[in-house]
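One letter stands for each residue in the lines below.
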Amino acid sequence: MDQNRCGRVQLAFVAQPGPARLENIKGKVAIVGVGESEHSAASGRDLDDMIFAAIDAALVDAGLKPEQVDGLMFSGQSAGQMTVARFRAHYGLNHDFWESGAGGAFSFAATAPHDAWAAIESGKASVIVNVHGTNWASQNKADEGGPATAHLAEAMKANAEVPFGFIPQPVYFAHVARRHFELYGTRPEQLGAIAVSSRRHANGHPGAVMRDKTLTMEDYLAREPFIDPLRIEDCCLISDGACAYVMTAADRAKDFPRPPVIVEGVGYAGAIEGIHFAMEPEFASTPHRMSAPGAFAMADLSPGDVDVLAVYDPFTIVALMAIEDLGFCPKGEAGRFVEGDRLWFDRGRANGGLPFNTHGGMLSHAYLLGINHVVELVRQLRGEGANQVADAQVAVYGGFSGVDAGTLVMRRG
Amino acid sequence: MAEAKPFPLPDVDGPLAPLWQAASQGEFRLPRCQPCGTFDWYPTGECRACHGSDIEWVALSGRGTLFSWAVVKRALHKPLAPIAPYVSAIVVIDEDRKTRFVTRLVDCDPESLHAGMPVEVFFADLGYPAVETGVAAPLFTCRATIERDET
C-alpha cells in the first residue's frame, strides 16, 4: 500500500519542459534540523544504515524523537530509498505518516519544502524529514550499478548513443564543456578554478571525503584530460553516505533548539528534451535559467543579495554554467567570473566574491546528490560552517539532475 | 582475467530500425514530418512543430557540421574500451541546423577540430577501425579530408 502511494506521487512529478508555476511559500517553512552519516568512497556499508544514521543525526540536531515525525520525503525514482514501512519498522512506530516520493536529492532537495508546505498547510503532517542516501561508490566498485545504469537502459540512448560511445555522463559533459569553450572562449583553467576552490573548501571541512588531498592550479593543469577537455578533477566523486533535513511550519521554528533557517523562495524547471542531453536546444546551458527567476521573485531577492551559493556540481562545467544561469553573471561570462579567489568562502560578497560550495561540493565533499549542499547552507546560515562565510544571511541552492533544475532560496531566521 | 564485455550494439530491429537498416545499405536516414518538414529526432511519432503524425524516414545528404566533440582517451563504459581513444561527436545535419546526430568522428586529427567545421557521413563497421561488430553505422569524418583525398 505504501508502495502504491509513493508510486502515484512519483508519477505526478515528472519534469515538464520549462518553468513550473509554484504556489508562493515565502516565509512558510523552516528547516530546523540537519544530519549526515559519514561520507566515504566505496565502503561496503549498508544503504539503510547510512540513511538512518543521517536521520538520527538530524533528529538529534532538531531535538526531536522519531515518534514526533509524521512526514517523510524521499526519492521515489532512486532505488533503495526510504519507505514509511521501513521507517516504522526501524523505530518501532505505527502511527500515520504523510509521504512523498518527490523528495530526496537532486532538484528535489530544493523543491521538497514546497511539497512539504502543501502537506503542512492541509494538516497532513507537521514535522517532515527529507532524506537521501547513496551507495553508488560500493555499487560502482562491484560493477553492479552507479550513475550510468538508468542511462544504459533508456531506449534512444541504447540505440543511438551508447553504440557510438556517447556514454556515460563525463562524455556528455565533455561535449557541453567543449561547446561552451567554442561559444564563449571559456578555458580549461577556468574550469580548474572551480575544482581548486572546491578542493580548498574540502580541505577545511572535517566531513569532506577529500579533506586531506590538496589540489593546486598547477596540479590541475599538469593532469592530462582523460575525456578531453575534461580532466578527472572536473568530475565529481562517487560516494557512499546519506543526509537528511527536518522541515516544519516557520511559525513553530522557535520551539526548536537550533537557529531556524527560513525558506524564502522555490523554483523548478524541466529541460526541453529531458534525459536526451545531446538534443537539448540550449546545449551549453542548464534549466537553472528557467528555475531561478521564479525562486528569486518569490523570495523578493536577487542574486546580488546572496551571501553563499551551493550548486549541484557533477562536473566543473555544470557548476560554471549554473553560476551564469542562476544570474550571478551574464551568460557566457562565468569563465572569467570564477577565476582567482572569487569563489572562496573567505573573500565574501562585500569584497566582490561569491562564496561557493563551501563544503567542497560533489567535486570534493561527497557525491550526496546535492542534499549535502542544503545541509551545508543551513549550517552556514546558522553560523556553524566549517568554512564560515562572514555574516551569511541569504543562501541559495541550485539543484540539478540533468533533466531539471530546482532553486531554493533560504534566509537566516 | 575477466572475460571482455561485448561491444554495445543497437537493436537493429528495434525502435530505430530504419536508421540501422538504412546504414546497412549505405544510406543515412532520419525521420521527418512530411507536411511541415520538421525532423522528428529523436522520434516521438508526433511532430514537435505541427503535432502531425505523418512522419517518414527520409534519405539525407550525409553532410553536416561539427557541433561539439570529446576525445575519449579512456572509456569509462568498459565495453567501449577496445575503440579508445576515440572522438565522440555531435553533428548538425545540413538539411536542418536544429537537428543533431550523435556519432563518432573517424580519420580526423583531434587537434584540427573546431565547431562549425564541415563533416560527412562515413559508413563503416560500428567498431571501426578497431573492432569488427558486423553492424554498419553512420560514422562521420572531416569533409575537408575527403575532398583532399579525392584531388
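What you are looking at is a predicted structure, and each value in this text was computed from that prediction instead of being measured.

## Here's the deal with the overall build of chain B
Then, number 1: Of regular secondary structure, chain B possesses two helices and seven strands.
Then, number 2: For a compact globule of 151 residues, the expected C-alpha radius of gyration is about 15 Å, and chain B comes in at 16 Å, within 12% of that figure.
Then, number 3: Principal-axis analysis of the C-alpha atoms places the extent of chain B at approximately 55 × 40 × 25 Å.
Then, number 4: Out of the 151 residues belonging to chain B, those deemed buried represent 48%.

## As for the nonpolar core
Then, number 1: Membership of the largest hydrophobic core comes to 152 residues, with the highest contact counts inside it found for Ile 317 and Ile 323 of chain A.
Then, number 2: Viewed by domain, this core spans two of them, domain 1 (13-59) and domain 2 (61-151) of chain B, each represented by three or more residues.

## Description of the environment of Trp 98 of chain A
Then, number 1: Looking at where Trp 98 of chain A falls in the secondary structure, it is placed in strand E4 (residues 98-100).
Then, number 2: The spatial distance from the C-alpha of Trp 98 of chain A to the C-alpha of Val 84 of chain A is 8.6 Å, given a sequence separation of 14 residues.

## Here we look at the packing of helix H9 (residues 188-203) of chain A against helix H12 (residues 316-325) of chain A
Residues and elements named next belong to chain A.
Then, number 1: At a minimum axis distance of 9 Å, the contact between H9 and H12 shows a crossing angle of 95 degrees. The pairing of H9 with H12 is recorded here as roughly perpendicular in orientation. Facing Gln 190, Leu 191, Ile 194 and Ala 195 of H9, the residues of H12 in contact are Thr 316, Ile 317, Ala 319 and Leu 320.

## A look at the interface of chain B and chain A
Buried accessible area, meaning the area lost when the parts come together, often serves as the stated size of an interface.
Then, number 1: Facing the 40 residues of chain B at the interface are 35 residues of chain A.
Then, number 2: Summed over both sides, the interface between chain B and chain A buries roughly 3200 Å², with carbon and sulfur atoms accounting for 62% of that surface.
Then, number 3: When the area that chain B buries against chain A is broken down by residue, the three leading residues are Tyr 42, Arg 100 and Val 102 of chain B, summing to 20%.
Then, number 4: On the surface where chain B and chain A come into contact, there are three salt bridges.
Then, number 5: We note a salt bridge from Lys 73 of chain B to Glu 224 of chain A, for which the minimum N-O separation is 3.7 Å.
Then, number 6: Counting across the interface, chain B meets chain A through 18 residue pairs in polar contact (both at pLDDT 80 or more).
Then, number 7: Going through the elements one at a time, strand E3 (63-72), strand E4 (86-93), strand E5 (96-105) and strand E7 (136-142) of chain B are the ones with two or more residues in the side of chain B that touches chain A.
Then, number 8: Residues of the side of chain B that touches chain A, tallied by class, amount to 27 nonpolar, five polar and eight charged.
Then, number 9: As defined by bridge partners, strand E6 (residues 227-228) of chain A adjoins E3 of chain B across two bridges and the pair is classed as antiparallel.

## A short note on the side chain of Asn 130 of chain A
Residues and elements named next belong to chain A.
Then, number 1: Take Asn 130: it is sitting in strand E5 (residues 127-134).
Then, number 2: When its relative accessible area of 0% is taken as the criterion, Asn 130 is described as buried.
Then, number 3: A polar side-chain atom of Asn 130 sits 2.6 Å from the main-chain amide nitrogen of Gly 104.
Then, number 4: With near-sequence residues (within four places) excluded, Asn 130 lies in contact with Met 73, Phe 74, Gly 103, Gly 104, Ala 109, Ala 112, Cys 243, Ala 244, Tyr 245, Met 247 and Ile 371.

## Brief notes about the environment of Leu 76 of chain B
Then, number 1: Considering the arrangement of structural elements, one finds Leu 76 of chain B in the loop between E3 and E4.
Then, number 2: For Leu 76 of chain B, the contacting residues outside a window of four places in its chain are Pro 168, Pro 170, Phe 226 and Ile 227 of chain A.

## What about the side chain of His 39 of chain A?
Residues and elements named next belong to chain A.
Then, number 1: By the element assignment, His 39 lies in the loop between strand E2 (29-36) and helix H2 (47-62).
Then, number 2: Using a relative accessible area of 5% as the deciding quantity, one classes His 39 as buried.
Then, number 3: Among the polar contacts made by the side chain of His 39, one reaches the side chain of Glu 36 at a distance of 2.8 Å.
Then, number 4: If we ignore the near neighbours within four places in the chain, the residues touching His 39 are Arg 45, Gly 207, Val 209, Asp 240, Gly 241, Ala 242, Cys 243, His 365, Ala 366 and Leu 368.

## Observations concerning H12 of chain A
Then, number 1: Burial analysis of H12 of chain A places ten of its ten residues in the buried class, the great majority of the element.
Then, number 2: Positive backbone phi, at 100 degrees, marks Gly 327 of chain A, one or two positions downstream of H12 of chain A.

## Looking at the packing of aromatic side chains
Residues and elements named next belong to chain B.
Then, number 1: Within the structure shown, the criterion is met by 20 aromatic pairs over all chains.
Then, number 2: Centroid distance Phe 28 to Phe 101: 4.9 Å. Interplanar angle 80 degrees. Geometry classified as edge-to-face. With a gap of 73 residues between them, Phe 28 in the loop between helix H1 (17-24) and strand E1 (29-33) and Phe 101 in strand E5 connect regions that are remote in the sequence. Comparing Phe 28 with Phe 101 shows no difference in burial state: the two are buried.

## Let's talk about the domain arrangement of chain B
Residue and element names in this part refer to chain B.
Then, number 1: Taken domain by domain, chain B holds domain 1 (13-59) and domain 2 (61-151).
Then, number 2: Its C-alpha centre places domain 1 at a distance of 21 Å from the equivalent point of domain 2.
Then, number 3: Counting residues at the interface gives eleven residues for domain 1 and 16 residues for domain 2.
Then, number 4: Here domain 1 and domain 2 share an interface that buries about 1100 Å² over both sides, 81% of which is from carbon and sulfur atoms.
Then, number 5: Our count for the contact surface shared by domain 1 and domain 2 stands at zero salt bridges.
Then, number 6: If you look at where domain 1 meets domain 2, you find one residue pair in polar contact (both at pLDDT 80 or more).

## Examining the pairing of E3 of chain B
All names here are of chain B.
Then, number 1: The buried fraction of E3 amounts to nine of the ten residues, a majority that puts the element mostly inside the structure.
Then, number 2: Note that E3 and strand E6 (residues 118-125) share three bridges and pair antiparallel. By the bridge assignment, Thr 65 is partnered in E6 with Pro 118.
Then, number 3: Across eight bridges, E3 lies against E4 in antiparallel orientation. Bridge pairing in E4 places Ser 68 opposite Ile 90.

How each quantity is defined
Residues numbered from 1 in each chain as written. Chains lettered and ligands numbered in written order. Predicted model: local features only at pLDDT ≥ 70, side-chain atom pairs only at ≥ 80, totals over all residues. Heavy atoms only, no water. Helix = DSSP H or I, 4+ residues; strand = E, 2+ residues; numbered from the N terminus. Rg over C-alpha atoms; globule rule 2.2 N^0.38 Å. Buried < 20%, exposed > 50% of the residue type's maximum accessible area, 1.4 Å probe, protein only. Core = buried A, V, L, I, M, F, W, Y, C linked by side-chain atoms within 4.5 Å. Domains from an automatic or database assignment. Axes fitted to C-alpha atoms, helices over the stretch in contact; angles between N-to-C directions. Parallel < 35°, antiparallel > 145°, perpendicular 65-115°, else oblique. Contact = heavy atoms within 4.5 Å. Buried area = accessible area lost by both parts, 1.4 Å probe. Salt bridge = Lys/Arg side-chain N within 4 Å of Asp/Glu carboxyl O. Polar contact = N/O pair within 3.5 Å; in protein donor to acceptor, adjacent residues only side chain to side chain. Nonpolar A, V, L, I, M, F, W, Y, C, P; charged D, E, K, R; others polar. Pairing = 2+ DSSP bridges. Phe/Tyr/Trp six-rings, centres within 6.5 Å; stacked < 30°, edge-to-face > 60°.

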